[in-house]
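In case you want the letters, here they are:
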Amino acid sequence: MMIFLCRDLEHAGEGLDLSDLAAGLKRRHPKAKVRLSPLSCDHPDQWLEGIAQRDERYILGVCDSSFRDVEFYARLRKLGADPSAVEIVFLGELCTHHNQQPNATSRAGLLIEAAIAKLNALSRSRPDNEKMIVPWEEKRSRRSLFTLPPVRYEIVPSIKESLCAADEGCRVCSSECPHKALSVENGQMILSKGKCTGCGACVSLCPRGAFEFPGASLSQFEAQAGVLLGGANLPSVQHGIMFLCGALATQLHQGGEGNANFPAGWLPVEVPCLGMVTPSWILQSLSRGATAVGLLPCRADECKYGDREGLEGRVDYCRTLMKKIGLSEDSVRLFGLEELEDFVPSNGDILVASTNGTNGTSASLANIDFSPAGNGKACLKMAAQQNFSPEMVLTHTHSPNGVIEVLDGCTLYGACVNACPADALKLEPDETGISLKFSSLSCVACAGCLNVCPENIMALEKKTDFMALTQESKLLFRDTAPRCENCGEPVAPKAMLDRIGGILEDHPALSALSKYCLDCRKTMF
């Protein structure tokens, strides 16, 4: 790994102590190469000329932010670097404009440590992750009409077939994709690069972790946030996590959007699109020590996700939940630029985990889990911190967790178990029968089980039930299972045999079906 620091950071704003910053980085990461760049950072790609390698990781600590655009990433690619393995940290704006030099240097070190953790969790991009874009619509000179327009590439998610549950009926990602970029063909989930905008919503929603999104994977953001929270050795304990849209971040860093600056008191986590930020991200951050979580979206007409109503619903769920358990609903905010400067995160009545004093040495200190399963875990952690009664229930359209009930008529056929991508439903046989059990902590409220139930007797309610979350499993239905007269193994649940008997009535095969297990029937008939 190579870390470049712009020399001009010593003079930007209150300035950074680059000698101290570089020495600290070298001490904590002896294998990393730390360099003070002799060139200005208006074109930091020049820092990599002659040394860029595809399998290397780079962190560029800059003070000037006017360079970042699609051409910049095209130049990185041309130099031989993997754009997804290049992290840009805007130390000038995020550190020197709001802090005295010691504090600014400490903050800069924390942000670089978080960038290191994020890059260490990177999985390399493959051709499946590259989307080629030819900007035919852009204005061009007459002379350029005789040449092909410059081709650029964007990184989009790809799917690991070995982890995907599409062949079992899972449609969590495709049902939520606002651009219909995901579809099933012959039991396989297919991503259309032409339709995909790279918002990353599918990555966060998949209960199997089947999506790979180099540069913007869950593991990378978990590592980054883990350092920001677990390693927050800042002089003030008033630090919040701000998830901000990458498109807006570019405009902010370039002095756009009314020349608004990134406000003090917030630690930034830049994402491709806020459509990627689920309640799990928000509640995990709060439960691990953030005094507040802010979301700063781009303009609605520029949004990759294209579902502002869904984003607002997620935020409303989190705010309602915080109020329900006796915490400040203002610990979660969806901001507009006009109100951002006036809101500084503070402790208020938010119980902050003891995460300070760790010197930013390990991303695992905060143990962040942004996966769908992380929502329930965060709820339980905050309830424990508040000594809160687990009897509270929050029913909400955007609850990531659900509760399943089984009505009369279950035959324990097991289609629901096979269709559940989160392993929230399980069939457990024992000596006397078979039990259908459910875990609300694992449930992602996808309703896949309802769609395959042959008896149509399952019900799902989207709610966060704290009592259900504390239970390892809940018994939904239990039935006895007659034993095979030949080998003694279970034949089938009695309810299933009764259902089959009602269909076959006096059919001669009914007797064999009722008396012998499947394996014995294969050898006997």
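Described below are features of the structure shown in this document. (Residues numbered from 1 in each chain as written. Predicted model: local features only at pLDDT ≥ 70, side-chain atom pairs only at ≥ 80, totals over all residues. Heavy atoms only, no water.)

This part covers helix α11 (residues 308–324). Its 17 residues give α11 an end-to-end C-alpha distance of 24 Å, which sits within 8% of 24 Å, the value for a rise of 1.5 Å per residue. Listed in full, the buried residues belonging to α11 are G310, L311, G313, R314, V315, Y317, C318, R319, L321 and M322. In the stretch just after α11, G326 is the one whose phi turns positive, near 90 degrees. (Helix = DSSP H or I, 4+ residues; strand = E, 2+ residues; numbered from the N terminus. Expected span 1.5 Å × (residues − 1). Buried < 20%, exposed > 50% of the residue type's maximum accessible area, 1.4 Å probe, protein only.)

Time to look at the packing of aromatic side chains. A complete count under the given rule lists seven aromatic pairs for this structure. Relative to W47, the ring of F4 lies with its centre 5.9 Å away and its plane at 35 degrees, an arrangement referred to as tilted. On the criterion of sequence distance, the pair formed by F4 in strand β1 (residues 2–6) and W47 in the loop between β2 (33–37) and β3 (58–62) is long-range, its members being 43 residues apart. With a centroid separation of 4.5 Å and an interplanar angle of 10 degrees, the aromatic rings of W281 and F370 are classed as stacked. You can see W281 sitting in helix α10 (residues 279–287) and its partner F370 sitting in the loop between α12 (337–340) and α13 (374–385), a full 89 residues away along the chain. Taken as a pair, W281 and F370 share a single burial class, namely buried. Taken together, the ring pairs connect F221, F243, W281 and F370 into an aromatic cluster. (Phe/Tyr/Trp six-rings, centres within 6.5 Å; stacked < 30°, edge-to-face > 60°.)

Another point: the sheet that holds strand β11 (residues 240–245). Two strands in a sheet stick together by hydrogen bonds in their backbones, pointing the same way (parallel) or opposite ways (antiparallel). Within the open sheet, the four strands sit side by side as β12-β11-β13-β14. Their pairing is parallel. Either end of the sheet is taken by a strand with one partner, and the two such strands are β12 (266–271) and β14 (332–334). Here the average twist between neighbouring strands, direction ignored, is 20 degrees. Relative to β12, β11 is paired through six bridges, and the arrangement is parallel. (Pairing = 2+ DSSP bridges. Axes fitted to C-alpha atoms, helices over the stretch in contact; angles between N-to-C directions.)

Within this model, the second largest pocket holds a volume of roughly 580 Å³. Every residue lining the second largest pocket is counted, 29 residues in all, and those nearest its centre are E176, L205, V444, A445 and K462. Looking at the lining of the second largest pocket, the elements that each hand over two or more residues are α5 (172–176), α6 (201–205), α10, α11 and α15 (448–452). Broken down by class, the residue content of the lining of the second largest pocket amounts to 13 nonpolar, eleven polar and five charged. (1 Å grid on protein atoms, 1.4 Å probe; cavity = no way out; pocket = protein on both sides within 12 Å on 5 of 7 lines; lining within 4 Å. Points joined across faces, edges and corners; volume = space filled by probe spheres on them. Nonpolar A, V, L, I, M, F, W, Y, C, P; charged D, E, K, R; others polar.)

Relative orientation of the contacting elements α10 and α13 amounts to 30 degrees, with a least axis distance of 8 Å. Relative to α13, the element α10 lies roughly parallel. Of the two possible hands of crossing, α10 and α13 adopt the one that is left-handed. In contact with P279, S280, L283, Q284, L286 and S287 of α10, α13 contributes G374, N375, K377, A378, C379, K381, M382 and Q385. (Parallel < 35°, antiparallel > 145°, perpendicular 65-115°, else oblique. Left-handed = near helix turned anticlockwise from the far one by under 90°. Contact = heavy atoms within 4.5 Å.)

Let's shift gears to the sheet that holds β3. Taken in spatial order, the four strands of this open sheet run β2-β1-β3-β4, and their pairing is parallel. Pairing within the sheet leaves two strands with one partner each, and these edge strands are β2 and β4 (86–90). Shown here is a sheet whose adjacent strand axes are inclined to one another by a mean of 15 degrees, direction ignored. Seen against the sheet, helix α1 (residues 18–28) touches β1 and β2 and runs at an angle of roughly 175 degrees to β1.

Note that all results are geometric; they support no functional claim without further evidence.
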